[in-house]
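One-letter residues, chain by chain:
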Amino acid sequence: MGDDSSNDPGVEEDQRKYNVGVISEWHQVGTNYSVFLTQLRPGDLIEFKRDGYCHWAVYIGEHAFAENTEADALIPVLPCIVHRANPTDNPENMNGMFSASKSMRKGIYGIGDVVVEPLRDVWRESGAKINNGMDTTIPPFPAQKIVERALCVVHGEDRQSYTPYNVLTNNCEHFASWCRSGWSVSSQVARRTEQLVKLGMVAGAAVLPRPISIMGGLCLAGLQMMYEVRRSASSQSQTAADFARDQFDDLNRPAVSFVPSDGQQGVEDQTMTSGGR
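Residues numbered from 1 in each chain as written. Predicted model: local features only at pLDDT ≥ 70, side-chain atom pairs only at ≥ 80, totals over all residues. Heavy atoms only, no water.

## Some points on the packing of helix H3 (residues 143-154) against helix H4 (residues 172-181)
Between H3 and H4, whose axes approach to 7 Å, the crossing angle comes to 135 degrees. When the axes of H3 and H4 are compared, the pair comes out oblique. Once H3 is placed against H4, the crossing between them reads as right-handed. For the pair H3 and H4, contact is made by Ile-146, Arg-149, Ala-150 and Val-153 and by Phe-175, Trp-178, Cys-179 and Arg-180, respectively. (Axes fitted to C-alpha atoms, helices over the stretch in contact; angles between N-to-C directions. Helix = DSSP H or I, 4+ residues; strand = E, 2+ residues; numbered from the N terminus. Parallel < 35°, antiparallel > 145°, perpendicular 65-115°, else oblique. Left-handed = near helix turned anticlockwise from the far one by under 90°. Contact = heavy atoms within 4.5 Å.)

## A few points about unusual backbone geometry
Residue Asn-19 is not a glycine yet carries a positive backbone phi of 50 degrees. On the basis of relative accessibility, which here comes to 14%, the residue Asn-19 falls in the buried class. (Buried < 20%, exposed > 50% of the residue type's maximum accessible area, 1.4 Å probe, protein only.)

## Notes on the pattern of salt bridges
The full count for this structure, using the stated rule, is 2 salt bridges. Here Arg-16 and Glu-13 are joined by a salt bridge, their closest N and O atoms 3.3 Å apart. With a shortest N-O distance of 2.7 Å, Arg-180 and Asp-135 are connected by a salt bridge. Note that Arg-180 is positioned in helix H4 and Asp-135 in the loop between strand S6 (127-130) and H3, a separation of 45 residues in sequence. When sorted by exposure, Arg-180 lands in the same class as Asp-135, which is buried. (Salt bridge = Lys/Arg side-chain N within 4 Å of Asp/Glu carboxyl O.)

## Regarding the sheet that holds strand S3 (residues 54-64)
Strand order in the open sheet formed by 6 strands is S1-S6-S2-S3-S4-S5, and the pairing between neighbours is antiparallel. The open sheet has two free edges, formed respectively by strand S1 (27-28) and strand S5 (114-118), since each of these has just one partner strand. Judged from the 6 bridges that link them, S3 and strand S4 (residues 77-84) form a sheet pairing that is antiparallel. From the neighbouring strand, Gly-61 faces S4, where its bridge partner is Cys-80. Sitting on the sheet, H4 touches strand S2 (45-49), S3, S4 and S5, and the angle it makes with S3 is about 50 degrees. (Pairing = 2+ DSSP bridges.)

Limitation: the analysis is restricted to geometry and does not speak to function.
As structure tokens, then:
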């Protein structure tokens, strides 16, 4: 599909791309774990359907997982993911209660660290699917590079290792998107912001006892979102507004230039924030 080069003999292994643009069906760990594994390829983005939101991770394939093993014990090799942990992610859909996920206890930099965990441990009772849908808008890196980028953050070799979790500007979806394409994008925050604007319009049009106070609260929340997004993007070469206009304005859509990795400006250094957990 698209730029998929998985079966092209003329493409070197470190330049191969897999599942480009693929969005799979939802799968449950108890019934089709093995089926889902046959579809997954290293570098895929996995979306987990939690209660009221979605959690995102990068699949890195089979990985030696040495967490909580004895010094002389055999180290298991398991299908693993890399993800940015957050204090509210709950694999068991327990309606707001804290998760028992190992990621809550991991990391030396606190909650919001990027960690490696077995796929099954993070999946738990949630639905899971491959979601590489942004590939049609932003070309992905080769699979090997996506995995390397994710693990560099885990090992503290990239500045992403030291950036705190922020639901609006630096959440799990931002991280997964950054690994795959170099752009920190979150469709969840974009959708929530759009819903907030619509609520403000409805409140303004409705006959309510205190419409001005309601409108004021919604506007303040919206301004806070915009402030967080603008602050996160201020040091980058293109703001969220520029990206949105360039990518989605059908009437006036200038081309977005993606500079090769050997160019003067690497695409992985470009960031656009728009939001997910």
